[in-house]
Amino acid sequence: MEKGEGMFWCSVCRIPVYGAGCGLCKNKAQPFVRDCRIVFPEEKRLLEILTGRRRGAYDEKSVWNGGGNYYIDGERLPLQITKLTQEEITSAGTKVLYAFEDMDPRFFEEMVCRFVKANRQHFFELEKEAIWYIRRLSQEYAVGNMYVSFSGGKDSTVTAELVQRALGGEILHAFADTTLEFSWTYDYISGYRRKHPEVPFICAKNEEQEFFSLCSILGPPSRIMRWCCTVFKTSALNRRLDMCFPGEEDILSFQGLRRSESAARQKYQRTSSRNKIGRQVTASPVIHWKDIDIWLYILTTGIDFNKAYRLGYARAGCWCCPNNSTWSEILTAVYMPEYHKKYQDYLLEFARKTGKKDPEEYVKKGLWKARQGGNGLAYAGRSVIEFHPCVEENRAFYYEMSRPFGEEFCELWKPFGVINKEIGDKRLGEFYVMDQDMVPILRIQGKNGSKRVKIVMEHPERMGTKSRERARHYIDCQITKYQMCIKCHACEEICPAGAIRCPENGIYRINEKKCRRCRKCITYYSGGCYVRKILTVHRSVKG
């Protein structure tokens, strides 16, 4: 293992170090693991219970977790968490809280002190480079056009500290409350705000939707279809940010994204404007940091952090996230048994409702985490577009919709032009969509309460594409959106002009004065609609 490729273990100081020579005792260190995280006394107690050791057996042991394995004083602990039974996990949950009562932190604190001193030079290098990056990038923005995305996790905690050290405490912090956070996260956020009264802080929360209600429509979030993030996180945050940053200038967001968190994030750029929130530029000061780097920074600076990490969680996101590891699920069963059981019961019900051959196995093996599309879900049927050409009129189509024609239907055609209801035949409920030259692009007929609508492409070449087939595809996308809209606010997030809103009355609105006719709200998601994307089924054409 070459220097810089991974961590080394100093058997004298009993700590991981960054080089083959320990920076504290100067002795030679041995290759260890590529990356690791520290194991706190609370997690040690749980390990003692699960491995059948006496209480306090690991009090004077240096325990770390790397690559999903535990290491006691540098030696791998033979614990196979996937073989733990439900009975063992439940039993651990009844014992572990009492095991915290007589913890002796002295060895742990001394070990942390050695770890910090041995790796101090690496800490200075990490901090210096990150602060330089923050200051350089922020020169292009006013203080009022920057914010820190603060999740309450370790990465955003470190990012917030770096931003404060680089720019001061005037930068806005924004917390997106998904409603699925750990109780420890809420406690940490409250404590952080009390200890940093000088930091402007906002919380964003989706008050209109409820997680389990949407699960009944969309199914559980999976690793491929994490609709919960869009509905409960980015959409709510986007709306609050629009209130805080009402202008049209770009806003700079400091985030705790790291490439080592997942394979997908390996491709992330440190500075990026390609994201869901239209005019946001994302800056990731710690994008190249490893877990051990984050913990070195936290332990060296002594800043507060989320208690979930002391219990053993490697990440402090939503308690039911499909990206959670097996160990995280075990921890939730131990420390949040009611929440864990509720979700397991729901997953079992979902498996049965959608016709899985072995529902218990489907849930136990976590197969739901890899699910795709809307198979077995009734709402997925709304993604099917039924239409047939009009035999009497060229470029005209009749659509049979699953949702009755109403006021909201007219809003969906504003990305193509201006809605004109004056020149249409009112008896037929007819209106036109006109371009900037007042040339009719579309002629649409539909009566309130009817599920049948007629759409005529008067000038499809003016719909932003030279292909007539592509123009009709745009129409299909908007019909799909009308049928499937659950007010997820995904269209709001991606609109670079902030022209789309779903106000409290639930009507999908497009502000014609703001709309740039970029049609990103149509082309960004497969089929024109985020809900359609996650409930993909094959379309059918009649006629």
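For clarity, every value in this text was computed on a predicted model and none was experimentally measured.

### Considering the packing of helix α1 (residues 41-50) against helix α2 (residues 86-99)
Here comes step 1: Contact pair α1 / α2: the axes reach a minimum separation of 9 Å and the direction vectors enclose 135°. One finds that α1 runs oblique with respect to α2. In this structure, the crossing between α1 and α2 has a hand that is right-handed. Contacts between α1 and α2 involve Arg45, Leu46, Ile49 and Leu50 from the first element and Glu88, Ala92, Lys95, Val96 and Ala99 from the second.

### Things to note about the sheet that holds strand β1 (residues 8-10)
Here comes step 1: One open sheet holds the three strands; their spatial order is β2-β1-β3, and the pairing between them is antiparallel. The open sheet is flanked by β2 (15-17) and β3 (30-31), the only strands paired with a single partner.
Here comes step 2: The pairing of β1 with β2 spans three bridges and is classified as antiparallel. Of the residues in β2, the one forming a bridge with Cys10 is Ile15.

### With respect to the layout of surface pockets
Here comes step 1: One number sums up the size of the second largest pocket: a volume of about 840 Å³.
Here comes step 2: Considering the residues around the second largest pocket, the lining is formed by 32 residues, among which Gln86, Glu329, His340, Gln344 and Lys364 are closest to the centre.
Here comes step 3: With six residues, helix α11 (residues 326-335) is the largest single contributor of residues to the lining of the second largest pocket.
Here comes step 4: Here the residues of the lining of the second largest pocket are counted per class, giving 13 nonpolar, 12 polar and seven charged.

### Some thoughts on the sheet that holds strand β17 (residues 430-434)
Here comes step 1: Pairing is antiparallel across the open sheet formed by six strands, whose spatial order is β14-β15-β19-β18-β17-β16. The sheet is open, and its two edges are formed by β14 (386-389) and β16 (418-420), each paired on a single side. Put simply, the sheet's adjacent strands are angled 25° from each other on average, direction ignored.
Here comes step 2: The sheet contact formed by strand β15 (residues 396-400) and strand β19 (residues 452-457) spans five bridges and is antiparallel. Bridging from a neighbouring strand, Phe397 pairs with Ile455 of β19.
Here comes step 3: Of the strands in this sheet, β14, β15, β18 (440-445) and β19 are in contact with helix α15 (residues 468-484), which crosses β19 at around 155°.

### Here we look at the pairing of strand β6 (residues 69-72)
Here comes step 1: The pairing of strand β5 (residues 63-66) with β6 spans four bridges and is classified as antiparallel. Its bridge partner being in β6, Trp64 is matched across the sheet by Tyr71.
Here comes step 2: Where β5 folds back onto β6 in an antiparallel hairpin, the turn is made up of two residues, including Gly67, whose phi is positive at roughly 60°.
Here comes step 3: Relative to strand β7 (residues 75-76), β6 runs antiparallel, the two being bridged by two bridges.

### Thoughts on the nonpolar core
Here comes step 1: Within the largest apolar cluster, 130 residues are counted, with the highest numbers of intra-cluster contacts made by Phe211, Trp227 and Tyr335.
Here comes step 2: Ignoring sequence-local partners within four residues, the contact set of Tyr335 consists of Glu42, Leu46, Val96, Leu97, Phe100, Trp184 and Leu311.
Here comes step 3: One finds Phe405, Phe416, Ile475 and Ile510 within the second-largest nonpolar core, a separate group that totals 38 residues.

### Quick look at the packing of helix α4 (residues 120-138) against helix α5 (residues 154-167)
Here comes step 1: It is at 9 Å that the axes of α4 and α5 come closest, and there the two elements cross at 65°. When the interaxial angle is binned, α4 and α5 end up roughly perpendicular. Judged by the twist between their axes, the crossing of α4 over α5 is right-handed. The segment α4 lies against α5, with Glu127, Ala130, Ile131, Ile134, Arg135 and Ser138 engaging Leu162, Val163, Arg165, Ala166 and Leu167.
Here comes step 2: Classifying every residue of the contact of α4 with α5 gives seven nonpolar, one polar and three charged.

### Description of unusual backbone geometry
Note: most residues except glycine have negative phi, and most peptide bonds are trans.
Here comes step 1: Phi at Asp73 takes a positive value of approximately 50°, unusual for a residue other than glycine.
Here comes step 2: By the element assignment, Asp73 lies in the loop between β6 and β7.
Here comes step 3: Given the relative accessible area of 23%, Asp73 is considered partly exposed.
Here comes step 4: Even without being glycine, Met438 reaches a positive phi, approximately 65°.
Here comes step 5: Looking at the element boundaries, Met438 is found in the loop between β17 and β18.

Conventions we followed
- Throughout this document, residue positions are counted from 1 along each chain, in the order its sequence is written.
- Two thresholds apply to this predicted model, a pLDDT of at least 70 for residue-level local features and 80 or more for giving and counting side-chain atom pairs, whereas whole-chain, interface and lining totals are computed over all residues.
- Side-chain numbers here rest on the full set of heavy atoms in the structure, without hydrogens or water.
- Whenever a helix is involved, its axis is fitted only over the stretch in contact; in every case the axis is a line through C-alpha atoms, and angles between N-to-C directions fall within 0 to 180 degrees.
- Numbered from the N terminus, helices here are DSSP runs of H or I no shorter than four residues, and strands are runs of E no shorter than two.
- Throughout this description, any angle smaller than 35 degrees is read as roughly parallel, any larger than 145 degrees as roughly antiparallel, any in the 65 to 115 degree range as roughly perpendicular, and the remainder as oblique.
- For a crossing to be left-handed, the near helix must be turned anticlockwise from the far one by less than a right angle; the clockwise case is right-handed.
- Only heavy atoms enter the contact rule, under which two residues are in contact if any of them lie within 4.5 Å.
- The pairing criterion is simple: DSSP has to find at least two bridges between the two strands.
- Here a cavity is any set of points on a 1 Å grid over the protein atoms alone where a 1.4 Å probe fits but cannot get out, and a pocket is any open set with protein on both sides within 12 Å along at least 5 of 7 lines; a residue lines the site when it has an atom within 4 Å of a point.
- Grid points are joined across faces, edges and corners, and a volume is the space filled by probe spheres set on the points.
- Only Asp, Glu, Lys and Arg are considered charged in this grouping, and only Ala, Val, Leu, Ile, Met, Phe, Trp, Tyr, Cys and Pro are considered nonpolar; every other residue, Gly among them, is considered polar.
- Nonpolar cores are built from buried Ala, Val, Leu, Ile, Met, Phe, Trp, Tyr and Cys residues. Side-chain atoms within 4.5 Å join them into one set.
- Exposure categories follow from relative accessible area, calculated using a 1.4 Å probe and restricted to protein chains: below 20% of the type maximum is buried, above 50% is exposed, and the middle band is partly exposed.

Shape is all these values report; function is a separate question.
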